[in-house]
Structures are given as structure tokens and as C-alpha cells.
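Structural description and commentary
The primary structure of each chain is shown beneath.
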Amino acid sequence: MNERKISLAVVFLFPLLISSLAMKAKTVSNEDRVINLQTKDLSMIMTVGKDSTLYFHHFGRKIEDATPYLDKISYRRLDYGTDPHAYLAAGGRNYRNSALRVTHSDGDLNTELIYVQHEQQELSGGNVVMTTITMQDRKQPLKVELVVTAYREENVFTQKVNITNLQKKEVVLHNFYSSYLPVRAKKYYLNSFYGAWTQEMFMEESLLNHGVKSIENQMGVRTTHTENPSFVLSLDMPLNEHAGDVIGGALAWSGNYKINFQVDDFDILNITAGMNPYASEYFLDSGETFHTPEMIYTYSLNGAGGVSRNLHDWARRYQVYDADATRPTLLNSWEGAYFRFDEKTITDMIDDAADIGLEMFVLDDGWFGSKYPRNNDKQGLGDWQVIKDKLPRGIDYLANYAEEKGLQFGIWIEPEMVNPKSELAENHPDWVVKTEGRPIPTIRDQWLLDLTNPEVQDFVFGVFDDVMKQSDKISYIKWDANRHVESVGSAFLPADRQSHFWIKYTQGLYNVYERIRMKYPDVLIQACSSGGGRVEYGILKYHQEVWTSDNTDARSRIFIQYGTNMIYPALVIGSHVSVVPNHQSKNITPLKFRFDMAMSGRFGMELQPKNLSEEEKLFAKSAIENYKRIRDIVMQGDLYRIISPYEGKGLYALMYVSKDKKRAVVFDYCFEYQGRTHNSQSVKLFGLDPAKEYKVTELNVDKSNYWGNNKVVSGEYLINEGLNPKLEKMYESALFLLEEAN
Ligand code: DGJ
């Protein structure tokens, strides 16, 4: 982002004891005491109180003149806690869940933050304004910078803090959340995500009562299988797709996280979000600064749809790595070959992938190992030499073969992990996460490498680098991670710093990514973690996409992708057509239904193409052609959900509209028998220009009774009446392309 410092509003309130902050006394003007951060439609408002506390007043609809907040009378009795702060610290009069909790070097348990100054920087040609508000403890030399960044067009704010210890000795950080957000409404309906392996991102709504509800992860590495560090919070009424005030939140952190929702005795919802303090006391040395990850917030005035569109716009412009680059369609070898392949299997798959029009081939697990060849998941992980028996001419031969067929080439690695039965584990037992004298549990027969150790970071970088050196034709890496942390312990960290493990592991991973991105800025890297174990915005700063789930069943994907797409844009959602019965669910769905589902994300296939019939291959070929026609709309367009699968009718419909509203694509699915009720299945469209005429083309037609091909219909009609493909039978689906008619 190009940057410019636009203002420096420095307000010195009264003499402070901390010489290193070099502060002087000054009177504060009313203007300086109001901090009204704005985007196109929103305001986030804070004021500096007479007691120098930074109070938080408002996040929501835009308020141009926020000065009346200066005279707002407190609604709390002072002896029952204070009004909401902008960043709530433990101590003083506060008794609510605090964002920051510190034991100072002299044992003092209190922190009372007061405002010192704030400054603003304009970035990204003026679309982004970053405000850094400096605070410090009333007594102890502790500096806290609250950094709030406003993204104007996207209606997004991000928050993070930098905590600097200016004391002579170390302090202990117990809570170090990225943000504290107080919200005031009559009722709070929290929509969050839950799941497990093959069942990621299912969504559920709960009415928040008094007390605390948290969403969190304490497992490390695969942090998003069970819950996701994101939420959609509907104010006053249950979540509606198109109406109502709704807050969306997502944390960009690939380690343990925790988001707490505390409805307090004043009916205020206090949200604290950030790294999970679980077993993570952080000893901050004198002079050291602790940086938290970013918490992302948006506020929609038109329901859940607005939250998704804001987050997607922001993510594509500012967070997802290389979001503008076209994602190639691909064939992945995993479900088609697993560990059972040789060179011929792979070259045949490449031939078939080229025949049906795919653009990349990805060689999954099973290509490496020397003393312990990786012919199953029990051995060889960590030994990144090509198995000569399987692939005698190596990776370069395959990558060149793919290129000759017009395909890009990708390859699988899992560099953070090791099988006990491997040369790596034999040579470097001290690199394994473990606690001396305790058993080291395996998951999928593997252990985790200790990324807190810089030597291990070098090794992991080296794995990536060496694999890339196998061929200059490698343009995609699938980075997998198939276990989480158990029996936590690091041989590298000193005994009194073991609690730093959880944070240092993730920071170690980010160090490796930084090095990789310096050297390989263009390679497409998928984040996979037993499917959707790493679906969050921290990882997406380095990865172009995620593997959404190991469950490729199109029916299950309705729910998994509905949830994922609520927060993350379609271009990051790896979505593949596989065989039936599906290997995970055993469910049987028609090929069209599987294609129609996979085409609503980043499209790929994951099967043995030689097992497709000629008819199926022809269908696949034409569907892949169709995908290339609609890909830019799915990747970069505005998402409108039309029917939620949670409505309970066995229907799901969504659409993407290009930014200029000239093109749109509509996906409609039926996954329960509808009988004669299909006349009520109106698929009223959204986001179109009512004044435009659209030509409707049905894509992926697999039988003669198609539903309205090549008609020209007004946007007005499509918005008010819609399309009705009359889906009736289980797993019928329809896909429409709308193009402005000349
Ligand atoms: C788990 C991944 O999610 C799968 O897609 C596949 O890559 C396997 N690991 C390979 O071991």
C-alpha cells in the first residue's frame, strides 16, 4: 500500500512519569478529544474522557458529528465498573472480561490505560486510514498502541495492539487480545461455526444470554476444524440474509484463538477477540514489544449478505495473497490414486486432465521417502527425496510432461510434520514437539516439528525450497498439515518459557512463509490441514486458497461451502468433483450436481479420469469450458445468497454478480425431494440492474427439459419474479449465466 501521513493529532493530557515517552502537559481541545473513524457508511467513535480514559461509544451507522458524545452522561454507577473503554485492561475499577491483563514487574496486578496521543496515516491512495492511538498505564511504564485501520470502500475496520514493556524488568502478559468491542442492542444473535474433520464450517445461531460464550481453539496447527475464528452477529433480531444490522468479525491468526462474548449486567455485549491466552503466559522482556494479530470487523445495514460482501471485497483487495491472479482449474491425484501410483499412472492422469480441458495437475501425497518409502501414511514423512521405484525420471520429468500437454504442475508437501518411522525422526529427535519423559502421541502416525526452533524453521523453508528446485515448472504447492499439538513441549524453549510455545510456533510458521514469499512470490500455495483445518485470514495472507474439506460429497459441500463463503470469498474455496459413491460419505449424487456444486468455488477434480465413461468425459469437458466462462464472476463478483440450506426445505441457491452488473451466475440446488411444491421455489435474484436486459443461458444441461435457455429478460423481472427451474427430484440442480443483452 502506498502511504502518506495525513495528520498528527497529538494531545498531551497531563504530566506523565514515563520519560521515554517524553510527554508534556497540554490542554486538550474538544476537537482532539473525539476520535470519529469513518468508512463510506460506518463510524467507529471514541472519546477521551476528562479522566483521560479512552471511551468507546459507537460502531455502526455513520455519524458525522460525534461531539455530543463528549457530554454524554455515564449510565453506569462508577462503583459498578466504568463505561466501555476502547481497549479494556484488567485492574482499577474494571471487573469485566478484559482484553489486556498484566502482572507488572513489581507484582502490581492493575493496568489502567489512559490516552496519550493519536496519529493517522493515509494508505492505498486514500482508501485506507490507519489510526494509531497511544495509551499507557496510569502508573507503570507500559505503552499500548491501539491500531485501528479503516477501509473506506469496503466498510471494514481492523484492530490490533502493540504492547511495549518500558519497565526495567520483565512483565507477564496473561490476556493480550487484539481488540475489545462493546456493542449495545436489545438482543444479540450470535452465528458461529462448528464442525469436525469432513464437517467443517457448519453454522449455528444462539441468542446470547447474560454471561460468557466463547468460540476458541486450543489445539494449535489445525485450528479451524472444530470452530472458526469468525462470527456473524445479528442485532435485535435473528439473522436475516437481506435485512437488519449485523456485525461480522474474523481474526487473522493461525494459532490458538479465542473470541469471548460477554453480556454484562448493563446488557452490553463485550467482545474480546484475539490469541487464546490458554496456557500462554507471555513474559515480555524490558524494552520488548508484543504484537497481536488483526481482528477484522464489518457492520452491515442489510443483513448477512452485506457482511459477506464487505469481507470478501476487503479480503480480495487487502488480505488474500495474490487475489487478482486467475486460479487454474486442476486435477488432484489424491482421491484418484492415493498412494498407489507409478509414473504411468500420473502421465495418464495428466493426459486425461488435458483432454477434458483442465489447466493444472497436482501430484498429492506418496511421491517421496528413501529408506522408508511413503507408500502409506505410516512412514517416510520428513524425507523429501523422490521414490525412484515409483517415479524413476523424477518430478522434473512429470512437470515437463504436464507442460507439453499444456498443463501447469503442482505438488504436495507436509513440511511441519514427521513420521516416527523416517530418517528425519531418527536424525533429529530434538526437533519433535514433546515433553521429555512423557509419551509422544501420534496422530495419523505422525509427530509435529517444533517450529519455535529456528533450525526447524530453516528445515521447513529448505523442504519448500528443495522441492521447488526439483523443477522450474512447479507453479503450485499443496501445503498440508495433518495433526494438531498434543503433549506440548519444546526442547528449544527454556523451561521458564514453555508457555511461549503456542504463539512462537505460529510466529515461526509466519517467518518461514515470509522467506518463501520473498523467494517465490508467484507460486500458488494451497493451505490444507486435513481439509479445512486452516481456514482463516492469517494463513490467507500467504496462501492463495484453502482446501475447504476432505469431504468432497456435493451434498455435504452445500453446508460446508455455505458456511465458508459466509466469511471467505469463493476464490479461496478449493472445491472438487470426485466419484460416487463418495469416499467419505458414500453418498451418490449425479455428475451434473457435483459439477454445479464445485463450480461455485475454485473448481477442480479429484478422481481417476480413466474411470469416467465417454459420456461423462464429454459432460466434464463442456462443464469445464462453462466454468472458464463464469470463473471471473465467481472469483471476483458480489455474492448474494438466495435460499439458505438451513431453511429446511432441501434447497440452496446463490448467485454472483460482476461488479459492473453486466453478468451474473445463478446456482440452484435441490437436495430433498420436493414433490409438487416446486412452484413455490421462486429464485428471486439480487444485485442486478433493474434497468438492464439480461440474456439467460442455462449451463451444464444434461437432459432435454432445460428451463428457459436463451431468453432475454429484464433485470426488473428477474429481481421481482426471478427464475424458477422447478427443481423437484433429489439432487437436481440448475446453473444459469446472465449476460447483458445488447
Ligand atoms: C489430507 C488432505 O486433506 C488430503 O487432501 C490429502 O492431501 C491427504 N492429506 C494426503 O495425505
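Here the structure is a predicted model, which means the values were calculated and not measured.

Criteria and thresholds
Residues numbered from 1 in each chain as written. Predicted model: local features only at pLDDT ≥ 70, side-chain atom pairs only at ≥ 80, totals over all residues. Heavy atoms only, no water. Helix = DSSP H or I, 4+ residues; strand = E, 2+ residues; numbered from the N terminus. Rg over C-alpha atoms; globule rule 2.2 N^0.38 Å. Contact = heavy atoms within 4.5 Å. Areas by Shrake-Rupley, 256 points an atom, 1.4 Å probe, with all protein chains shown as cover. Near = heavy atom within 4 Å. Polar contact = N/O pair within 3.5 Å; in protein donor to acceptor, adjacent residues only side chain to side chain. Salt bridge = Lys/Arg side-chain N within 4 Å of Asp/Glu carboxyl O. Buried < 20%, exposed > 50% of the residue type's maximum accessible area, 1.4 Å probe, protein only. Pairing = 2+ DSSP bridges. Domains from an automatic or database assignment. Buried area = accessible area lost by both parts, 1.4 Å probe. Nonpolar A, V, L, I, M, F, W, Y, C, P; charged D, E, K, R; others polar. Axes fitted to C-alpha atoms, helices over the stretch in contact; angles between N-to-C directions. Parallel < 35°, antiparallel > 145°, perpendicular 65-115°, else oblique. Left-handed = near helix turned anticlockwise from the far one by under 90°. Core = buried A, V, L, I, M, F, W, Y, C linked by side-chain atoms within 4.5 Å.

1. Re the overall build of the chain
When helices and strands are tallied, the chain shows 12 helices and 37 strands. Rg of the C-alpha trace for the chain: 27 Å, near the compact-globule value of 27 Å for 742 residues, within the 12% margin. Dimensions of the chain, computed from the C-alpha atoms along their principal axes, are close to 80 × 70 × 45 Å. Counted over contacts in the chain with a minimum sequence separation of 6, partners at least 24 positions apart contribute 70%. In the structure as shown, the chain presents an accessible area of about 27300 Å², 48% of it carried by carbon and sulfur atoms.

2. Here's the deal with the site of the ligand
Lining the immediate environment of the ligand, one finds 13 residues, of which D364, D365, K478, D480 and D550 sit closest. Taking D364, its side chain carries an N or O atom lying 2.7 Å from an oxygen atom of the ligand. Across the complex, the protein chains shield 98% of the 300 Å² of accessible surface that the ligand would expose by itself.

3. Overview of the pattern of salt bridges
Summed over all chains, the structure comprises 43 salt bridges. We note a salt bridge from E153 to R152, for which the minimum N-O separation is 3.8 Å. The partner of K469 in a salt bridge is D465, with the nearest N and O atoms 3.1 Å apart. Pair noted here: K469 and D465 are both in helix α7 (residues 454-469), with a separation of 4 residues, about one helical turn. Judged by relative accessible area, K469 falls into the exposed class, the value being 54%. Because the salt bridges share partners, they merge into one network encompassing D365, R374, D377, K378, R444 and D445.

4. Focus on the pairing of strand β37 (residues 733-740)
Taken residue by residue, a regular strand's side chains alternate between the two faces of the sheet. Counting buried positions over the 8 residues of β37 gives 6, a clear majority of the element. Bridging between strand β34 (residues 663-670) and β37 involves 7 bridges; their strand directions are antiparallel. Bridging across to β37, F667 finds its partner in L735.

5. Some details on the domain arrangement of the chain
Here the chain is partitioned into domain 1 (4-319), domain 2 (330-414 + 452-481 + 526-636) and domain 3 (639-740). Facing 11 residues of domain 1, the contacting portion of domain 3 comprises 6 residues. Here domain 1 and domain 3 share an interface that buries about 740 Å² over both sides, 44% of which is from carbon and sulfur atoms. The largest contributions to the domain 1 side of the interface with domain 3 come from E241, H242 and R309, which together make up 56% of the buried area. Where domain 1 touches domain 3, the interface holds 2 salt bridges. One salt bridge connects K659 with D313, and the closest N-O pair in it is separated by 2.8 Å. The interface formed by domain 1 and domain 3 contains 6 residue pairs in polar contact (both at pLDDT 80 or more). For the side of domain 1 that touches domain 3, the secondary structure elements donating two or more residues are β13 (202-207) and α2 (303-319). A class-by-class count of the residues in the side of domain 1 that touches domain 3 yields 3 nonpolar, 4 polar and 4 charged.

6. Some thoughts on unusual backbone geometry
For the bond from V580 to P581, the omega torsion is -10 degrees, close enough to zero to count as cis. Considering the arrangement of structural elements, one finds P581 in the loop between β30 (573-577) and α10 (591-598). Within the chain, S530 stands out as a residue other than glycine whose phi angle is a positive 50 degrees. Residue placement: S530 occurs in the loop between β28 (524-527) and β29 (545-547). Note on S530: relative accessible area 5%, which makes it buried. Even without being glycine, K726 reaches a positive phi, approximately 50 degrees.

7. Side note on the sheet that holds strand β5 (residues 100-103)
Taken in spatial order, the 3 strands line up as β5-β10-β19 in an open sheet, and their pairing is antiparallel. Each edge of the sheet is formed by a strand with only one pairing partner; in this case those strands are β5 and β19 (282-284). Geometrically, the sheet is characterised by an average inter-axis angle of 35 degrees between neighbouring strands, direction not taken into account. Inspection of the sheet shows strand β10 (residues 171-176) paired to β19 by 3 bridges, in the antiparallel sense. Within β19, the position partnered with L173 by the bridge is Y282.

8. Concerning the packing of helix α4 (residues 343-355) against helix α5 (residues 394-404)
Close contact between α4 and α5 brings their axes to 10 Å; oriented N to C, the two are set at 20 degrees. Classified by the angle between their axes, α4 and α5 sit roughly parallel to one another. Handedness of the α4/α5 crossing: right-handed. In this structure, α4 contributes E343, I346, T347, I350 and D351 to the contact, and α5 contributes Y397, L398, Y401 and A402.

9. Considering the packing of helix α9 (residues 554-567) against α10
For any two helices packed against each other, the geometry comes down to the angle between their axes and how far apart the axes lie. Two elements in contact, α9 and α10, have axes whose closest approach is 9 Å; the angle formed by their N-to-C orientations is 20 degrees. Judged by the angle between their axes, α9 and α10 are roughly parallel. By crossing handedness, the relation of α9 to α10 is classed as left-handed. Note on element contacts: α10 touches α9 through F593, R594 and M597, opposite A554, R555, R557, I558 and Q561.

10. Considering the sheet that holds strand β14 (residues 211-216)
As summarised here, the arrangement of the 4 strands in space is β11-β18-β17-β14, forming an open sheet in which the pairing is antiparallel. The sheet is open, and its two borders are formed by β11 (179-184) and β14, each paired with just one other strand. When strand polarity is set aside, the average angle formed by the axes of neighbouring strands in this sheet is 15 degrees. As judged from the 6 bridges shared by β11 and strand β18 (residues 268-275), these two strands associate in the antiparallel manner. The residue of β18 that forms the bridge with V183 is L269.

11. Focus: the nonpolar core
If you look at the biggest cluster of nonpolar residues, it comprises 197 residues, and the most contacted ones within it are F231, L363, W367, Y537, F595 and M605. The contacts of Y537, once residues within four sequence positions are left out, are A250, L251, A252, I296, L311, W314, A315, Q319, V320, I567, Y568 and P569. Listed in part, the 22 residues of the second largest apolar core include V657, A664, A734 and L738.

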